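What the coordinates show
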Amino acid sequence: MSKETCDEEVDLTYEEFLLVHQNQLENSCVPQLYWAALFRKLKNEIFDAGEVFQIQCVEQEVDDEVSEGNEENAASRNTWRVIVNNEDGIKCIDKKHIYLIDHAWTYRVHEARQYLMQVAGLKERMCALMDVPIENREEKEVIDDILKEMWKFNNTYSIGNYELGTNERLPIWYVMDEFGSRIQHSDMPSFKMAPFMYGPQNLAFSIIWPVRDLEKGEEVTRDYVPNIQHPVRRKALLLPWIPCDFTDISYEQPEPDPSFFSAHRIEEDTGPGLTDVPPLPTDRKLKVCLDYPQSPELTDSRFVMVETGEEADILWTRHSFKEYCSLYGGGTYKYINQFPSEQCLTVKDLLPIVCRRAGSGKFDPETLEGSPKWLPVSFNLNTEMDKFVSYFQHREEKGLDNVWILKPWNLSNSADITVSNDINQIVRFSESGPKIACKYISDTVTIYREDIKSDVKVDFRFLVFMASKNPLKLWVYKPFSVRRGHKQYELTDFDDFLRHLTYVGLYEYNVYRPGMYTEQFIEPFEAENPGFKWETIEAEIHKMFLEVFQAATSKDPPAGLDIFPSLGPFLWY
């Protein structure tokens, strides 16, 4: 941008604006033609879309099914559109035609219900914006409808450092104001839209700009799923607005090509491999470097703790290790608690693929259960969205429960996890990052929690130690720990994390999280579940572990674990 376009004072500030925001502008593909106008409107808080556009209510449709015999509470649905109302229309070459859209509601998913209950006027505004009836209805019923309907209006962005274990890493969802929310979808849109974070105010807006000239009266549209070209995936992602039958698409899940296991992942350097590994020294204590914030105390006299990996014989790290070739040289070898290609077990999108090798790979035609039975049916929403939608619709046709838990495969600590039985939410939730959808275990085992006088769901943490691949050698640490839910378990209120998640470490809940260990669990479990012996269940769990590792070692890397002299524990839940 030349100095001729701005006066001296604004030009200086404009350069500072570009210093902070140019990457964002370029990544959003905002034409440089509009940058100066955007800067001026942001700086001076100019919301001038009302001078150029008009919101129109095209028609009002009444749902006959709902209104029959109950006209008073008939569910009305308005059809809206935005048109150009400027006498001269809109010319793309006119640099002023970039517009700010305010965000009416910004939130994180686990906070949505609380905001609707506590923020004055928010519930009423969302009802009006989403055409949710509010009169003569209970508050919970109204809020439930908003939480369901909002997935036709939501958009998302993320901020913060994803290496931080804080709430800031969670995606942010937002609903645009009435103007932005009324802009309809088109496969041939007349405008582009993008979220924009304005640094000086630390506020997010949406911005729109034209992609062609428009005359007065022409409709303003945008593509709801931009940058998605594959026709079947586009149809799936447009389901919240355009219903589509996917039941003719197969939901069978053949194993992908081995290259899938290493695609878009950090490459491992295993070097030429080892044939002869020098033995660990026997004339002194073994030096161990533990990479943990609070290293446990070593109680075995054969080991001694050291500060750095350079002086260690054994590295025990919590971080993913890739430089295996650095472990050996000069006639020495350092053992580490990992195996090459172990991401096939430790990364959430690859684990179900590996586990399916332990079964037939087929679905039961009546119950639609997958195989093996201990593995919840799981779909990668990045690569199997069409199969997931087909499977969801088949379950719907059979009247089977359709509750799913959505997990990002690149995060931990329960970050960005949600539970849902709403296909619109599940489809839209995939926009906040790569996700897998796992069938939620609806008939889960519960245990009575005395401090809250309720039956809560539980999960278990076992330690499995893998010593070698060929021959396969596994040990299971007999003691295990139990994590418990924080509210009575019911198959309701899926947005209530305290009810449906046993670990909410990333979220700011002030809850008591008591641990529970082997001896504390078995007796009450057997008392509450007569006819079930823990030793029988434990044997089945151990059998499952064996089947998992047999599947993981049945193929060469990257589709399976590599042969490598190593110490290899795996956490299993």
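Residues numbered from 1 in each chain as written. Predicted model: local features only at pLDDT ≥ 70, side-chain atom pairs only at ≥ 80, totals over all residues. Heavy atoms only, no water.

1. Re the overall build of the protein
Under the convention used in this document: Secondary structure counts use DSSP, requiring at least four H or I residues in a row for a helix and at least two E residues in a row for a strand, with both numbered from the N terminus. For the exposure calls, accessible area comes from a 1.4 Å probe over protein chains only, and a residue counts as buried if that area is under 20% of its type's maximum, exposed if over 50%, partly exposed in between. Every residue pair with non-hydrogen atoms within 4.5 Å of one another is taken to be in contact. Shrake-Rupley sampling with a 1.4 Å probe provides the accessible areas, and residues are treated as covered by the protein chains on show and by no other component.
When helices and strands are tallied, the protein shows 15 helices and 26 strands. With 573 residues in all, the protein has 46% of them scored as buried. Counted over contacts in the protein with a minimum sequence separation of 6, partners at least 24 positions apart contribute 66%. Looking at the protein as shown, the accessible area adds up to about 30,000 Å², and 51% of this sits on carbon and sulfur atoms.

2. Details of the pairing of strand β18 (residues 404–408)
Just so we agree on the cut-off: When DSSP finds at least two bridges between two strands, those strands are taken to pair.
For β18, the tally of buried residues reaches four of five residues, placing the bulk of the element in the interior. Note that β18 and strand β19 (residues 418–420) share three bridges and pair antiparallel. The residue bridging leucine 406 from the neighbouring strand is threonine 418, located in β19. Note that β18 and strand β20 (residues 435–439) share five bridges and pair antiparallel.

3. Side note on unusual backbone geometry
With an omega of 0°, the peptide bond running from serine 371 to proline 372 counts as cis. Secondary-structure assignment places proline 372 in the loop between α10 (351–355) and β17 (378–380). Residues asparagine 470 and proline 471 are joined by a peptide bond in cis, for which omega reads 5°. Relative to the helices and strands, proline 471 is located in the loop between β22 (454–468) and β23 (473–476). The phi angle at lysine 453 is positive, at roughly 55°, despite the residue not being glycine.

4. Some thoughts on empty space enclosed by the protein
Just so we agree on the cut-off: Think of a 1 Å grid over just the protein atoms. A cavity is a set of points where a 1.4 Å probe fits yet cannot get out, a pocket is an open set with protein on both sides within 12 Å along at least five of seven lines, and lining residues have an atom within 4 Å of a point. Grid points are joined across faces, edges and corners, and a volume is the space filled by probe spheres set on the points. When residues are grouped by polarity, Ala, Val, Leu, Ile, Met, Phe, Trp, Tyr, Cys and Pro land in nonpolar, Asp, Glu, Lys and Arg in charged, and all others, Gly among them, in polar.
On inspection of all chains with the given rule, the structure shows two cavities of 30 Å³ or more. Around the largest cavity, the lining residues are Gln253, Arg356, Gly361, Lys362, Phe363, Gly370, Ser371, Leu375, Pro376, Val377 and Ser378. Taken together, the residues of the lining of the largest cavity break down into four nonpolar, five polar and two charged.

5. Details of the pattern of salt bridges
So the rule is basically this: Here, a salt bridge means any side-chain nitrogen of Lys or Arg that lies within 4 Å of a carboxyl oxygen of Asp or Glu.
Evaluation of the coordinates by the stated rule reveals 35 salt bridges. Between aspartate 187 and arginine 234 there is a salt bridge, with the nearest N and O atoms lying 2.7 Å from each other. You can see aspartate 187 sitting in the loop between β7 (184–185) and β8 (191–198) and its partner arginine 234 sitting in helix α8 (residues 231–237), a full 47 residues away along the chain. Exposure remark for aspartate 187: the relative accessible area of 52% places this residue in the exposed category. For the salt bridge of aspartate 493 with arginine 499, the shortest nitrogen-to-oxygen distance reads 3.8 Å. A relative accessible area of 24% places aspartate 493 in the partly exposed class. Connected via shared salt-bridge partners are Arg113, Lys140, Asp144, Lys487, Glu490, Asp493, Asp495, Asp496 and Arg499.

6. Observations concerning the sheet that holds β8
To be explicit about the condition: Structural elements are reduced to axes, namely lines fitted to C-alpha atoms, with helices fitted over the stretch in contact, and the angle between N-to-C directions of any two is expressed from 0 to 180 degrees.
Strand order in the open sheet formed by three strands is β3-β9-β8, and the pairing between neighbours is antiparallel. The sheet is open, and its two edges are formed by β3 (99–101) and β8, each paired on a single side. Averaged over all pairs of adjacent strands, the angle between strand axes in this sheet comes to 35°, irrespective of strand direction. Pairing analysis gives three bridges linking β3 to strand β9 (residues 203–210), with the strands arranged antiparallel. Of the residues in β9, the one forming a bridge with isoleucine 101 is serine 206.

7. Let's talk about the pairing of β22
Across four bridges, strand β21 (residues 446–449) lies against β22 in antiparallel orientation. In the sheet register, threonine 446 faces β22, and the bridge partner there is lysine 457. In this structure, the hairpin formed by β21 and β22 is closed by a connection of four residues, where lysine 453 is found at a positive phi of approximately 55°. Sheet topology places β22 next to strand β24 (residues 481–484); four bridges connect them, and they run antiparallel. Bridge pairing in β24 links phenylalanine 460 to valine 482.

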